[in-house]
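Residue strings, one per chain:
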Amino acid sequence: MIIIDNISKSFGTLEVLKGVSLYVKPGEVVVVIGPSGSGKSTLLRCINYLEKINSGQIKVDGQLIGRKEVNGRLVDAPNKEIYKIRSGIGMVFQRFNLFPHMTVLQNIMEAPISVKKVSKQEAAELAVQLLEKVGLEEKANAYPAHLSGGQQQRVAIARALAMKPKIMLFDEPTSSLDPELVGEVLAVMKDLAKEGMTMVVVTHEMSFAKEVADRVIFMDEGKIVEEGPPSQIFTNPSHPRTREFLVKIL
Amino acid sequence: MDSLDFTVVLPRLPLFIQGAFMTVQLTFFAIVFGTMIGLVVALAKIIKFPIVNFIAGIYTWVFRGIPLLVQLVLIYYGLPSLGIEFTAYQAAAIGLSLCGGAYIAEIIRAGIQSIDKGQMEAAHSLGMSWSQAMFKIIIPQAYRRLIPPMGNEFITLLKDTSLVSVISMVELLRTATIHASSSFKPFEMYITAALIYLLLTTFFTVAFGRLESKLAISE
Ligand SMILES: Nc1ncnc2c1ncn2[C@@H]1O[C@H](COP(=O)(O)OP(=O)(O)OP(=O)(O)O)[C@@H](O)[C@H]1O
Ligand SMILES: [Mg+2]
């Protein structure tokens, strides 16, 4: 489903990803952990081309991200194709990034209407369904500013799901939430995982990783240092840097 | 010192109102076209397209860097030597719009760039194109923040219309000048013009103040 093949990414002279390879199977839930600045967000953002990689390649569902073969040569893909690919990959941000000038319902309806050209009515029906799924049907007409952080993040998940993505990327979805609001967001994510959604999740919520992750990736300084099932990574990490990191966060 | 005599103003008041009407008309053109130009130039400055950025940069550099008075005389008295002729009315409308557009472009650009980058990213992550994100997500949010500086700019444009009197446009100031010499009562004539300007700018100030507080409530 996602094939990341030896990618590098630099910001100016700062090399943030240094030859990262990762293969995510359909329906798999991969949790990415690692210290601040290790390149976790950048990795996610390369998958939906919010960042452009410098070398290597990424394929999602067999399709190359941001590049295209023309007469046997690889060139930059046209914007249109990038928009299309992104519409099939949902992303949830640490700071929610809901559209503050729109109601909850409008937030969810906007992309299906403007990107997929579905009718207003169809979009509204889907939005209501998704709000029920994340347990917020009574907030349909509220503005984001009037919701708690946990509620905002659940709306953000519903907004991403409205595009019916095959893959969901989560970048520390609970780390800007008050502790008592973390659970409600994780519960929605667990449901998604159980439904078979392919997910790449940057999070330090060990309970989530232990319960639903098929694999945990530990990143440090732009590289994948270690990966394995959560039981192994958390209880018996093989790399000393993983051990060091886990001691700090557990 | 002559004694002041405002009775000389009264018979000329219709002419002053005519002049004020011309001032308002020019302000209206400058606002409408200036805002259209400003929006296009602001987007041209933001879009990821170096040549377009450069051209837009030249535009604001030139039109903000040369005094409006100089632009107006250049358009009206200068361009005919190149075979480009405008009526005074056209020259006034063009000069005010081009100059206003440059200032408005900067206001709109700053407003757009003040919106959190996460908004554009969220829109992109949903598959929206740059222009969809710009017109549906970014600009509607920037718009509220634009009201106060745009109000200021509109007032500036209104006051700047007085400059077109030098290219023989009979607007409010020019009306006062004409009657100052014909009546030998310059103070009365100019103070009348000044008061009408004050009335007009006050109208803008109040209107924008209302708009601002109305939008603040709905937020
Ligand atoms: N747009 C950018 N321009 C320049 N440097 C950047 C940019 N984005 C990220 N970086 C740098 O790249 C490095 C990796 O950033 P990244 O956000 O991927 O780390 P992270 O693992 O997600 O960290 P955190 O846990 O703090 O979110 C950091 O040093 C960061 O400062
Ligand atoms: Mg991060």
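Residues numbered from 1 in each chain as written. Chains lettered and ligands numbered in written order. Predicted model: local features only at pLDDT ≥ 70, side-chain atom pairs only at ≥ 80, totals over all residues. Heavy atoms only, no water.

*Asks:* How should the overall build of chain A be read in this particular structure?
*Replies:* In terms of helices and strands, chain A carries nine helices and twelve strands. Dimensions of chain A, computed from C-alpha atoms along their principal axes, come out at roughly 50 × 50 × 30 Å. Taking all contacts inside chain A whose residues are at least 6 apart in sequence as the whole, residues at least 24 apart take part in 64%. Taken as a whole, chain A presents about 11,300 Å² of accessible surface, with 48% of it coming from carbon and sulfur. (Helix = DSSP H or I, 4+ residues; strand = E, 2+ residues; numbered from the N terminus. Contact = heavy atoms within 4.5 Å. Areas by Shrake-Rupley, 256 points an atom, 1.4 Å probe, with all protein chains shown as cover.)

*Asks:* How should I be thinking about the site of ligand 1 in this particular structure?
*Replies:* All names here are of chain A. As a matter of local geometry, ligand 1 sits amid F11, L14, V16, P35, S36, G37, S38, G39, K40, S41, T42 and E172. Interatomic distance of 2.8 Å between a backbone N/O atom of G37 and an oxygen atom of ligand 1. Contact distances for ligand 1 include 3.2 Å between an oxygen atom and a side-chain N or O atom of E172. Compared with its free state, where it exposes 640 Å², ligand 1 has 60% of that area covered by protein. Mapped onto the shell around ligand 1, the elements with two or more residues apiece are β2 (14-24) and α1 (40-47). Here the shell around ligand 1 gets three residues from one element, more than from any other, and that element is α1. Taken together, the residues of the shell around ligand 1 sort by class into four nonpolar, six polar and two charged. (Near = heavy atom within 4 Å. Polar contact = N/O pair within 3.5 Å; in protein donor to acceptor, adjacent residues only side chain to side chain. Nonpolar A, V, L, I, M, F, W, Y, C, P; charged D, E, K, R; others polar.)

*Asks:* I keep staring at the sheet that holds β2(A) and nothing clicks. Help me out?
*Replies:* By way of backbone hydrogen bonds, the strands of a sheet pair with one another, either parallel or antiparallel. All names here are of chain A. Spatial strand order, β2-β1-β4-β5: four strands in an open sheet with antiparallel pairing. Of all strands in the sheet, those with a lone pairing partner are β2 and β5 (63-64), marking the two edges. Pairing of strand β1 (residues 2-11) with strand β4 (residues 55-60), which is carried by five bridges, proceeds in the antiparallel orientation. Looking at β4, one finds that I4 is bridged to I58. Packing of α1 onto the sheet brings it into contact with β1, β2 and β4, and relative to β1 it is tilted by some 120 degrees. (Pairing = 2+ DSSP bridges. Axes fitted to C-alpha atoms, helices over the stretch in contact; angles between N-to-C directions.)

*Asks:* What should I look at first to understand the pairing of strand β11 (residues 215-220) of chain A in this one?
*Replies:* Residues in a regular strand point their side chains to alternate faces of the sheet. Residue and element names in this part refer to chain A. Within β11, six of the six residues are buried, which leaves the element mostly enclosed by the surrounding structure. By the alternation rule, side chains of β11 split into R215, I217 and M219 and V216, F218 and D220, which are all buried. Pairing geometry for strand β3 (residues 29-33) and β11, over four bridges, is parallel. For I33, the partnering residue across the bridge sits in β11 and is F218. (Buried < 20%, exposed > 50% of the residue type's maximum accessible area, 1.4 Å probe, protein only.)

*Asks:* Help me out: how do you make sense of the layout of surface pockets in this one?
*Replies:* Its volume calculated, the largest pocket comes out at about 1,000 Å³. Surrounding the largest pocket, 28 residues form its lining, R86(A), K48(B), M120(B), H124(B) and W130(B) being those nearest its centre. Of all the elements in the fold, those that place two or more residues in the lining of the largest pocket are α2 (79-87) of chain A together with α4 (88-113), α5 (117-125) and α6 (130-160) of chain B. (1 Å grid on protein atoms, 1.4 Å probe; cavity = no way out; pocket = protein on both sides within 12 Å on 5 of 7 lines; lining within 4 Å. Points joined across faces, edges and corners; volume = space filled by probe spheres on them.)

*Asks:* When you look at the interface of chain A and chain B in this model, what are you seeing that I'm missing?
*Replies:* Listed per partner, the contact involves 24 residues of chain A and 18 residues of chain B. In this structure, R95(A) engages D116(B) in a salt bridge whose closest nitrogen and oxygen atoms are separated by 3.5 Å. Remark: the boundary between chain A and chain B carries six residue pairs in polar contact (both at pLDDT 80 or more). Going through the elements one at a time, α2, β8 (89-92), α3 (104-114) and α5 (149-161) of chain A are the ones with two or more residues in the side of chain A that touches chain B. Of the residues contributing to the side of chain A that touches chain B, the split by class is 13 nonpolar, five polar and six charged. (Salt bridge = Lys/Arg side-chain N within 4 Å of Asp/Glu carboxyl O.)

*Asks:* What am I meant to see in empty space enclosed by the protein here?
*Replies:* Sizing a probe to match a water molecule and rolling it over the atoms shows the empty space that remains. Residue and element names in this part refer to chain A. Applying the stated criterion to the full structure yields one cavity of 30 Å³ or more. If you add up the space inside the largest cavity, you get close to 30 Å³. Forming the boundary of the largest cavity are N48, Y49, I65, G66, I82 and I85. Here the lining of the largest cavity is composed, by residue class, of four nonpolar, two polar and no charged.

*Asks:* Whenever I open this one, the packing of aromatic side chains confuses me. Can you help?
*Replies:* Each aromatic ring pair is characterised by the separation of its centres together with the angle its planes make. Under the criterion given, the structure shown has nine aromatic pairs over all chains. Relative to Y77(B), the ring of Y76(B) has its centre 4.8 Å away and its plane inclined at 70 degrees; by these criteria the two rings are edge-to-face. Since its relative accessible area comes to 46%, Y77(B) is described here as partly exposed. Through successive ring pairs, a cluster of aromatic residues spans F28(B), F29(B), F33(B) and Y89(B). Over the ring of F99(A) we find R159(A); its NZ or CZ atom is 4.5 Å from the centre of that ring. (Phe/Tyr/Trp six-rings, centres within 6.5 Å; stacked < 30°, edge-to-face > 60°. Lys NZ or Arg CZ within 6 Å of the ring centre and 35° of its normal.)

*Asks:* I'm lost on the environment of E121(B) in this one. Help?
*Replies:* With respect to the helices, strands and loops of the structure, E121(B) is situated in helix α5. C-alpha of E121(B) to C-alpha of F49(B): the two residues are 72 residues apart in sequence and 18 Å apart in space. Setting aside chain neighbours within four positions, we find E121(B) in contact with R45(A), L50(A) and F93(A).

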